Amino acid sequence: MSEFHSKNAVFHSQPGAVLHVPDIEQSLLPMGEEYIVGDLGVTAATDVLQGSMQVLSVQEGMVLYRTAVRDLCTMRTSNLLYPGIKIVLVLEGETQLSYGALRLHLRAREAGHCAAMVALARTDRFMRQWRIGRHERKLVLTLTPQWLAQTGVLHGRVAEFMAQHLAVAPWQPSARALVLADQLHRGCPLPDHLHALWNQSRCMQIVLEALASVEIGSTQEGAAPLPRTGVRQHVRLAALRDWLMTPAADGMDVAAIARHAGMSVAHLQRHFPTVAGQSLGRFLRVQRLLRARAALEQGRATVTQAAGMAGYRSSTHFSAAFRDHFGMLPSSLKLLAH
């Protein structure tokens, strides 16, 4: 990994460095406070991470947090996070995170599971589950309410998303967004005086795509404002959402999914957007398309078989839906797999 120098860096560690708890506490200062280590055996001198970690103020109210680290301990840590939108993208490895009652297990290069957006309408506790030997290379972009308001994007569905505490959108980054994220991780190849502009241009494109997925993905279905949910119900819905990201519900209609969740169809359809950022119907279609795409990319299915996986009886209708969502025909992916 190349160096990532910037005069706007709030915290920066060298690649391969061994990090300790005070280092992590310092890196979190722009985003939160009250760092707690859930292991009495870990002290300020304990080696907890190895790798590179940087916090960069991209703009006033936009913070880029990037890590390429390996866990040297198995433990849990937590800290308070200030309100804002979190855009998390895992490029390598995996990570287990919790925002309040919301739990996320993100894995690189896995369709539907490598990125997410989370809305923190108020200060809440963040928790990370550490596992010795586990590696992650990830980016987290934090957008404060002030930045969202000043840039004029705090309207429509984005405003509703931000207002719903712990709302989550399982955003699937485009190939371009993944390339931009990788560039941000590897560093700017330009002279120092152009670094800030280079960083901003890439971060802004990722933010635009992520926020557009909330705005466009929801308004296409004319969804009503997001309802408020209690913590217990939110946990149930989040667990259901994670289950629906697997093939377990393939072939089930909405009524069967509602029975599995122990809810009425009307209740499920009304409250599901609070944990997914989109309607249940759209979420199911997107997840099945993502699994079909993964099968095509890995050479595990023909176009006809992928259509069946996505719930389409007609390969023609599947190809049209696939092209609308991914901007390419499934047959082109099948060719690339060979």
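Conventions adopted
Residues numbered from 1 in each chain as written. Predicted model: local features only at pLDDT ≥ 70, side-chain atom pairs only at ≥ 80, totals over all residues. Heavy atoms only, no water. Helix = DSSP H or I, 4+ residues; strand = E, 2+ residues; numbered from the N terminus. Buried < 20%, exposed > 50% of the residue type's maximum accessible area, 1.4 Å probe, protein only. Contact = heavy atoms within 4.5 Å. Areas by Shrake-Rupley, 256 points an atom, 1.4 Å probe, with all protein chains shown as cover. Phe/Tyr/Trp six-rings, centres within 6.5 Å; stacked < 30°, edge-to-face > 60°. Arc of directions from axis to C-beta. pLDDT = per-residue confidence, 0-100. 1 Å grid on protein atoms, 1.4 Å probe; cavity = no way out; pocket = protein on both sides within 12 Å on 5 of 7 lines; lining within 4 Å. Points joined across faces, edges and corners; volume = space filled by probe spheres on them. Nonpolar A, V, L, I, M, F, W, Y, C, P; charged D, E, K, R; others polar. Salt bridge = Lys/Arg side-chain N within 4 Å of Asp/Glu carboxyl O. Axes fitted to C-alpha atoms, helices over the stretch in contact; angles between N-to-C directions. Parallel < 35°, antiparallel > 145°, perpendicular 65-115°, else oblique.

Caption draft 1: A look at the overall build of the protein. Check the secondary structure of the protein and you find 13 helices and twelve strands. Taking all 338 residues of the protein together, the buried fraction comes to 50%. In the protein, the proportion of contacts linking residues at least 24 apart, taken out of those at least 6 apart, comes to 75%. Within the structure as shown, the protein displays about 15,200 Å² of accessible surface, and the carbon and sulfur contribution to it stands at 56%.

Caption draft 2: Broad picture of the packing of aromatic side chains. The tally for this structure, following the rule as stated, stands at four aromatic pairs. Measuring from centroid to centroid gives 5.1 Å for Y99 and F126, while their planes differ by 55°, and the two rings are tilted. In this pair, Y99 is assigned in strand β7 (residues 84-99) and F126 in strand β10 (residues 124-129), connecting sequence segments 27 residues apart. With a relative accessible area of 15%, F126 lands in the buried category. With 5.2 Å between their ring centres and 65° between their planes, F272 and F283 make a pair best called edge-to-face. A residue pair is termed long-range when its members are at least 10 positions apart, and F272 in the loop between α8 (265-271) and α9 (273-276) and F283 in helix α10 (residues 280-297) qualify at eleven residues.

Caption draft 3: Fine view of helix α3 (residues 156-163). The complete set of buried residues in α3 reads R157, V158, F161 and M162. Axial view of α3: buried residues confined to an arc of 140°, hence all on one face.

Caption draft 4: Just the environment of L166, in detail. Tracing the backbone shows L166 in the loop between α3 and β12 (168-169). The sequence separation of L166 and A101 amounts to 65 residues, and the corresponding C-alpha distance is 7.9 Å. If we skip the residues at most four places from it in the chain, L166 touches Y99, G100, A101, L102, A119, L120, D124, H234 and T274.

Caption draft 5: Summary view of the confidence of the model for the protein. Confidence in the prediction for the protein averages 84 pLDDT; 90% of positions are at 70 or higher. Counting interchain partners and residues more than four positions distant, the pLDDT-below-50 stretch residues 1-6 has 26 contacts. Note that residues 218-226 has pLDDT below 50 and, in this model, 21 contacts with residues that lie over four places away or in other chains.

Caption draft 6: Inspection of empty space enclosed by the protein at higher detail. Scanning all chains against the criterion turns up two cavities of 30 Å³ or more. The volume enclosed by the largest cavity comes to roughly 290 Å³. Going through the elements one at a time, β4 (49-59), β5 (62-71), β6 (76-81), β7, β10 and β11 (135-143) are the ones with two or more residues in the lining of the largest cavity. Of the residues that constitute the lining of the largest cavity, the class distribution is 14 nonpolar, three polar and four charged. In this structure, the second largest cavity encloses a volume near 40 Å³. Lining of the second largest cavity is provided by I87, L89, L139, V140, L141, W171, A181 and I206. Of the residues forming the lining of the second largest cavity, the biggest block, three residues, is contributed by β11.

Caption draft 7: Local environment of the layout of surface pockets. In this model, the second largest pocket occupies a volume close to 320 Å³. In terms of lining residues, the second largest pocket is bounded by 20 residues, among which L97, R103, L104, H105 and D242 are the most central. Only β7, β8 (102-107), β9 (115-120), β10 and α6 (231-244) provide two or more residues apiece to the lining of the second largest pocket. In terms of residues, the lining of the second largest pocket owes the most to one element, β8, which gives five residues.

Caption draft 8: Representation of unusual backbone geometry in the model. Positive phi, normally seen in glycine, also occurs at E34, with a value near 55°. Inspection of the secondary structure assignment puts E34 in strand β3 (residues 32-37). One non-glycine residue with positive phi stands out, namely L166, at about 70°. The buried category is assigned to L166, whose relative accessible area is 7%.

Caption draft 9: Inspection of the pattern of salt bridges at higher detail. Going through the model one piece at a time under the given rule, you end up with 13 salt bridges. For R137, the salt bridge identified is with E92, shortest N-O distance 3.2 Å. Of this pair, R137 sits in strand β11 while E92 sits in strand β7; the two residues are 45 residues apart in sequence, bridging distant segments of the chain. For R137, a relative accessible area of 7% corresponds to the buried category. Overall, E92 belongs to the partly exposed group, its relative accessible area being 27%. Here R131 and E94 are joined by a salt bridge, their closest N and O atoms 3.3 Å apart. With R131 in the loop between β10 and β11 and E94 in strand β7, this pair connects stretches of sequence that are 37 residues apart.

Caption draft 10: Molecular detail of the packing of α10 against helix α12 (residues 315-326). Two elements in contact, α10 and α12, have axes separated by 11 Å at closest approach and are oriented at 95°. Overall, the two elements α10 and α12 adopt an arrangement that is roughly perpendicular. Facing R282, V286, L289, L290, A292, R293 and L296 of α10, the residues of α12 in contact are F318, A321, F322, H325 and F326. Its residues placed into classes, the contact of α10 with α12 shows nine nonpolar, one polar and two charged.

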